[in-house]
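Observations on the three-dimensional arrangement
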Amino acid sequence: MRSVQFTAYGPPAVVHVTEAPEPHAGPGEIRVAVRASGVAPGEVAIRSGRLREVVPVVLPFRTGFDAAGVVDEVGAGVTGVHPGDEVFGAADPARRGANADFAVLTAWAPKPVEWSWEEAGGAAGAAETATRVLDRLAVVPGQTVLVQGAAGGTGAVAVQFAVARGATVIGTASEHNHDFLRSLGVVPATYGPGLVGRVRALAPAGVDAVLDCAGGALPDLVALAGDPARVVTIADFTARAHGVHLSHGAPAAEVGAGDPLAWHGLADAVALAGEGRLRVPVAAAFPMDEVAAAHELVETRHARGKVVLVP
Ligand SMILES: NC(=O)c1ccc[n+]([C@@H]2O[C@H](COP(=O)([O-])OP(=O)(O)OC[C@H]3O[C@@H](n4cnc5c(N)ncnc54)[C@H](OP(=O)(O)O)[C@@H]3O)[C@@H](O)[C@H]2O)c1
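Note on numbering: residues in each chain are counted from 1, in written sequence order. Selection of residues for local features in this predicted model requires a pLDDT of at least 70, selection of side-chain atom pairs for listing and counting requires 80 or more, and totals for whole chains, interfaces and linings are taken over all residues. As a convention, hydrogens and water are excluded, and side-chain values are obtained from all of the structure's heavy atoms.

1. Notes on the packing of helix α6 (residues 195–202) against helix α7 (residues 218–225)
To keep it simple, the criterion reads: Here the axes come from fitting lines to C-alpha atoms, over the contacting stretch only for helices, and the angles between their N-to-C directions go from 0 to 180 degrees. Put simply, DSSP H or I for four residues or longer makes a helix, DSSP E for two residues or longer makes a strand, and each gets a number counted from the N terminus. An angle below 35 degrees is treated as roughly parallel, one above 145 as roughly antiparallel, one from 65 to 115 as roughly perpendicular, and anything else as oblique. Two helices cross in a left-handed way if the nearer one is turned anticlockwise from the farther one by less than a right angle. They cross in a right-handed way if the turn is clockwise. A contact between two residues is defined here by any heavy atoms of the two lying within 4.5 Å.
Between α6 and α7, the shortest axis-to-axis distance is 9 Å and the interhelical angle comes to 25°. Overall, the two elements α6 and α7 adopt an arrangement that is roughly parallel. The handedness of the crossing between α6 and α7 is right-handed. Here α6 contributes Leu195, Val196, Val199 and Arg200 to the contact with α7, which in turn contributes Asp220, Leu221, Ala223 and Leu224.

Next up, the structure:
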């Protein structure tokens with residue numbers, strides 16, 4: 001089968017399609033024939049080599065965390081899903097390899113009929129991350145939540161989860177994305193110098209919680225929240241210096257290595273999609289062979305929504 005990998009750190013050109021042995025579903029796992037899979041900004045950063053000190057990986061690195069497809073193998077002990085079912089989900093974070101013709105998933109949910117394959121392919125990581133962080137921030141109805149970097153693949157899903165929890169959501173993006181944010185139920189603001197004043201003008205009573213999907217602005221975000229404990233970042237490795245929690249997901253077996261992966265977010269996503277309250281904006285879908293171009297787009301940091309690969 002075809003699988004995406006990189007064998008050395010470097011520019012987008014180092015990521016390529018290779019022939020690889022087909023994986024098989026082990027106990028508690030399923031295998032899907034992949035119809036679409038997400039391109040993860042974290043993996044793009046790993047490929048560039050700039051994270052080699054903080055996130056060391058073994059090369060060659062098979063990319064791809066989330067995917068959607070048609071089930072064709074069901075591992076021992078798995079119930080409630082059958083060959084032929086359409087699902088979306090994610091691979092074991094330690095094994096990855098979802099940017100491929102076949103992917104083994106360790107977490108999944110039925111693909112909402114409301115979503116295209118492209119939407120479903122990039123949904124699981126964003127739904128898990130949004131749920132993990134909003135759970136940690138204990139967002140409840142009536143609160144005001146600020147999402148920094150709200151128009152990206154993770155932010156655009158997180159804002160919808162926060163709106164669904166009954167929060168008023170302020171989201172930051174470049175001005176040309178403000179109508180897009182409004183379409184998601186978000187009050188838009190522009191990031192960059194002057195952020196504190198702009199957000200205070202929109203929320204004179206202050207913000208109750210901040211989800212940072214961008215990095216680089218923690219002092220402003222802490223000032224807006226009034227307490228570093230009310231800020232969680234998924235993107236800023238300087239978090240500790242600001243007293244802020246950097247959330248990354250860890251499998252249940254790796255207690256202490258991160259926050260427990262919030263896979264219950266997939267069922268929540270299915271329910272919200274069924275109510276027409278969650279879509280997964282897709283910036284672009286590239287054929288798998290054009291994965292280097294997909295990495296280039298993600299690397300701009302200006303994709304509106306998820307970048308996905310299709311067969
Ligand atoms: N720790 C975790 O568990 C976890 C999980 C998922 C993602 N992440 C990380 O979280 C980050 C966001 O992921 P993503 O999927 O949303 O990425 P993405 O899709 O690449 O984000 C692109 C968005 O970032 C915005 N942006 C660019 N520069 C910005 C800045 N200086 N301030 C605020 N917003 C800015 C852009 O807005 P405009 O185009 O409107 O300017 C664009 O909409 C990445 O670093 C990723 O690696 C971490």
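Having seen the structure, we can now continue with the description.
2. A few points about the domain arrangement of the protein chain
One frequently used descriptor of interface size is the decrease in accessible area upon assembly of the parts. The condition that has to hold: Where each domain begins and ends is defined by an automated method or by a domain database. By definition, the buried area sums, over both parts, the 1.4 Å-probe accessible area that each loses when the two are put together. Here a salt bridge means any side-chain nitrogen of Lys or Arg lying within 4 Å of a carboxyl oxygen belonging to Asp or Glu. Under the rule applied, a polar contact is a pair of N or O atoms within 3.5 Å (in protein, one hydrogen donor and one hydrogen acceptor; residues adjacent in sequence only if both atoms are side-chain atoms). Ten residue types, Ala, Val, Leu, Ile, Met, Phe, Trp, Tyr, Cys and Pro, are classed as nonpolar, four, Asp, Glu, Lys and Arg, as charged, and the remainder, Gly among them, as polar.
Under the domain assignment used here, the protein chain contains domain 1 (2–122 + 280–310) and domain 2 (127–252). Centre-to-centre separation of domain 1 and domain 2, based on C-alpha positions: 26 Å. Contacts between the two partners involve eleven residues from domain 1, matched on the other side by 14 residues from domain 2. Taking both sides of the interface into account, the surface hidden between domain 1 and domain 2 amounts to around 890 Å²; carbon and sulfur atoms contribute 67%. Put simply, domain 1 and domain 2 have zero salt bridges between them. Where domain 1 meets domain 2, there are three residue pairs in polar contact (both at pLDDT 80 or more). Across the side of domain 1 that touches domain 2, the residue classes break down as six nonpolar, two polar and three charged.

3. Side note on the site of the ligand
Quick note on the threshold: A single heavy atom is enough: if one lies within 4 Å of a molecule or strand, its residue is considered near that molecule or strand. Surface accessibility in these figures is a Shrake-Rupley result with a 1.4 Å probe; residues are shielded only by whichever protein chains are displayed.
Within the structure, the ligand sits among 25 residues, and Gly153, Ser174, Tyr191, Ser247 and His302 are positioned closest to it. Here an oxygen atom of the ligand and a side-chain polar atom of Arg132 are 3.0 Å apart. Within the backbone of Thr154, one N or O atom sits 2.9 Å away from an oxygen atom of the ligand. When the ligand sits alone it has 940 Å² of accessible area, and the protein chains cover 84% of it.

4. Topic: the layout of surface pockets
The rolling of a water-molecule-sized probe over the atoms marks out the regions of remaining empty space. Put simply, the test is: In this analysis the probe radius is 1.4 Å and the grid spacing 1 Å, with only protein atoms considered; a cavity is a set of points the probe fits into but cannot get out of, a pocket is an open set with protein on both sides within 12 Å along at least five of seven lines, and lining residues have an atom within 4 Å of a point. Grid points are joined across faces, edges and corners, and a volume is the space filled by probe spheres set on the points.
In this structure, the second largest pocket occupies an estimated 160 Å³ of space. Lining the second largest pocket, in full, are Phe237, Ala239, Arg240, Val244, His245, Leu246 and His248.

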